[in-house]
Amino acid sequence: MSSLTAWERMEIIRHKGRPTVRDYIPMIFDEFYEMHGDRYFGDDAAILGGIARVHGISVTVLGQVKGHDLEENKKTNFSCPHPEGYRKALRLAKQAEKFGRPVICFIDTPGAFCGVAAEERGQGEAIARNLLEFSRLKVPVISIVLGEGGSGGALALGVCDELYMLENAVYSVISPRGFASILWKDASKEKEAAEKMRMTAEDLVSFGVCDGIIPEPAGGAHVNPEVMAGTIADYILMALQKLTQKSVANLLEARYNKFRKIGAFEEREDFAQRV
């Protein structure tokens with residue numbers, strides 16, 4: 001794997017030419033049909049969803065949408081979803097469960113939108129509801145971190161059976177800038193924060209959070225998007241072949257255990273006695 005630092009990877013995933021979920025979908029899937037709206041408030045362009053086929057298998061595809069330029073990013077709120085985006089994703093995931101379709105999620109967000117309107121419409125509840133409902137979906141769920149995986153905004157599509165990260169992707173509880181702003185009261189220290197946060201794909205594999213690393217072409221995914229799409233498709237097919245062989249009971253038990261072991265710790269006796 002790459003010897004790049006966390007900050008160097010951040011620079012790669014923020015390259016304006018890096019492929020987004022809208023670039024990958026036509027290269028990975030056939031017959032993609034996009035669906036809109038949460039049936040409560042409206043549609044959110046920061047999250048897309050629809051049904052498609054991959055290697056002849058019907059699936060539901062969900063993804064957070066980044067843009068390549070300012071205009072695209074404004075349309076997608078810089079990939080910071082509103083509550084209606086998460087509710088749309090949940091609506092389509094429940095539809096997938098009804099028809100027995102596996103769910104493929106693409107994560108690429110610095111975090112959920114934290115504006116007043118989003119809070120008024122129940123941002124926290126929408127994310128929490130996704131965590132609950134995705135944890136008990138009776139169909140396979142595969143999540144892939146394409147670039148940034150930030151905080152609960154990413155985790156809302158990250159409760160899954162298999163989590164893969166692109167080689168230069170990052171996944172963390174907060175952005176480096178947010179980390180530096182809170183811990184050191186100095187946002188300019190985001191580069192230093194990135195190196196301390198242990199958020200690279202290799203870090204997440206070592207923690208047991210990530211199940212596999214999808215290699216990127218030298219220089220990043222934007223160097224050869226077609227090759228990158230083919231590699232992602234191979235990982236999706238591999239995961240589908242493994243997960244579709246499991247019974248629903250075994251699938252749910254394994255998913256439960258996967259998340260129960262994250263954040264495991266041990267308490268030292270001497271410390272407990274001092275407390």
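Reading the values: rules and limits
- Residues numbered from 1 in each chain as written.
- Predicted model: local features only at pLDDT ≥ 70, side-chain atom pairs only at ≥ 80, totals over all residues.
- Heavy atoms only, no water.
- Helix = DSSP H or I, 4+ residues; strand = E, 2+ residues; numbered from the N terminus.
- Rg over C-alpha atoms; globule rule 2.2 N^0.38 Å.
- Buried < 20%, exposed > 50% of the residue type's maximum accessible area, 1.4 Å probe, protein only.
- Axes fitted to C-alpha atoms, helices over the stretch in contact; angles between N-to-C directions.
- Parallel < 35°, antiparallel > 145°, perpendicular 65-115°, else oblique.
- Left-handed = near helix turned anticlockwise from the far one by under 90°.
- Contact = heavy atoms within 4.5 Å.
- Nonpolar A, V, L, I, M, F, W, Y, C, P; charged D, E, K, R; others polar.
- Phe/Tyr/Trp six-rings, centres within 6.5 Å; stacked < 30°, edge-to-face > 60°.
- Pairing = 2+ DSSP bridges.
- Salt bridge = Lys/Arg side-chain N within 4 Å of Asp/Glu carboxyl O.
- Expected span 1.5 Å × (residues − 1).
- Core = buried A, V, L, I, M, F, W, Y, C linked by side-chain atoms within 4.5 Å.

> Describe the overall build of the chain, and please don't skip the residues or the numbers.
If you tally the helices and strands in the chain, you get 13 helices and eight strands. Relative to the compact-globule value of 19 Å for 275 residues, the chain shows a C-alpha radius of gyration of 18 Å, a close match. In terms of overall dimensions, the chain has C-alpha extents of about 55 × 45 × 45 Å along its principal axes. Across the 275 residues in the chain, those meeting the buried criterion constitute 50%.

> Let's hear about the packing of helix 4 (residues 83-99) against helix 6 (residues 123-135): which residues, and what values?
Here helix 4 crosses helix 6 at 20 degrees, and the two axes come no closer than 8 Å. Comparing their axes, helix 6 and helix 4 come out roughly parallel. Handedness of the helix 4/helix 6 crossing: left-handed. Two secondary-structure elements touch here, helix 4 through Pro83, Tyr86, Arg87, Ala89, Leu90, Ala93 and Lys94 and helix 6 through Gln123, Glu125, Ala126, Ile127, Arg129, Asn130, Glu133 and Phe134. Grouping the constituent residues of the contact of helix 4 with helix 6 by class yields eight nonpolar, two polar and five charged.

> Requested: an account of the packing of aromatic side chains, with residues and values cited.
Within this structure, the stated rule accounts for three aromatic pairs. Seen in terms of ring centroids, phenylalanine 29 and phenylalanine 106 are 6.2 Å apart; in terms of plane orientation they differ by 80 degrees. Their pairing is edge-to-face. Note that phenylalanine 29 is positioned in the loop between helix 2 (21-28) and strand 1 (30-35) and phenylalanine 106 in strand 4 (residues 103-109), a separation of 77 residues in sequence. Here phenylalanine 29 and phenylalanine 106 have matching classes, each one buried.

> I'd like a description of the pairing of strand 3 (residues 57-64), backed by residues and values.
Counting buried residues along strand 3, six of its eight residues qualify, which places the element largely inside the surrounding structure. Sheet topology places strand 2 (residues 47-54) next to strand 3; eight bridges connect them, and they run antiparallel. Paired with leucine 48 across the bridge in strand 3 is glycine 63. Hairpin geometry of strand 2 and strand 3 is characterised by an intervening segment of two residues between the two adjacent antiparallel strands and by a positive phi of about 55 degrees at histidine 55. Bridge analysis of strand 3 against strand 4 gives four bridges, and the strand direction is parallel. Bridged to threonine 60 within strand 4 is valine 103.

> Requested: an account of the pattern of salt bridges, with residues and values cited.
Inspection of every chain in the model, using the stated rule, returns 21 salt bridges. Of the charged contacts in the structure, one is a salt bridge between arginine 198 and aspartate 203, with a shortest N-O distance of 3.0 Å. Residue aspartate 203 is classed as buried on the basis of its relative accessible area, which comes to 14%. Put simply, Arg87, Lys94, Glu97, Glu125, Arg129, Glu133 and Arg136 are held in one network by salt bridges that share partners.

> Explain unusual backbone geometry to me, using residue names and the numbers behind them.
For glutamate 31, which is not glycine, the phi dihedral falls at a positive 55 degrees. We classify glutamate 31 as exposed; its relative accessible area is 61%. For arginine 198, which is not glycine, the phi dihedral falls at a positive 55 degrees. One can find arginine 198 in the loop between helix 9 (190-196) and helix 10 (201-206).

> How would you sum up helix 11 (residues 225-243)? Please name residues and give values.
Turn by turn, an α-helix covers 3.6 residues, leaving residues three or four places apart pointing in a common direction. Between its first and last C-alpha, helix 11 extends 27 Å over 19 residues, near the 27 Å set by a 1.5 Å rise per residue. Listing the buried residues of helix 11 in full gives Met228, Ala229, Thr231, Ile232, Ala233, Ile236, Leu237, Ala239, Leu240 and Leu243.

> Quick one: what's the story with the nonpolar core, residue by residue and with numbers?
In globular proteins that are soluble, nonpolar side chains generally tend to be buried together. In terms of nonpolar packing, the biggest core is built from 62 residues, with Ile28, Phe29, Phe106, Phe134, Leu166, Ile232 and Ile236 touching the most fellow members. For this core, the element with the highest residue contribution is helix 11, accounting for eight residues. Setting aside residues up to four positions removed in sequence, isoleucine 232 forms contacts with Tyr24, Ile28, Phe106, Ile144, Leu146, Leu166 and Ile214. Of all hydrophobic cores here, the second largest spans ten residues; its members include Ala6, Trp7, Ala194 and Met197.

> Give a description of the packing of helix 2 against helix 11 that names residues and reports values.
The N-to-C vectors of helix 2 and helix 11 enclose an angle of 70 degrees; their axes lie 9 Å apart at closest approach. Judged by the inter-axis angle, helix 2 sits roughly perpendicular to helix 11. Handedness of the crossing formed by helix 2 with helix 11: right-handed. Here Tyr24, Met27 and Ile28 of helix 2 lie close against helix 11, whose contacting residues are Pro225, Glu226, Met228, Ala229, Ile232, Ala233 and Ile236. Residue composition of the contact of helix 2 with helix 11, by class: nine nonpolar, no polar and one charged.

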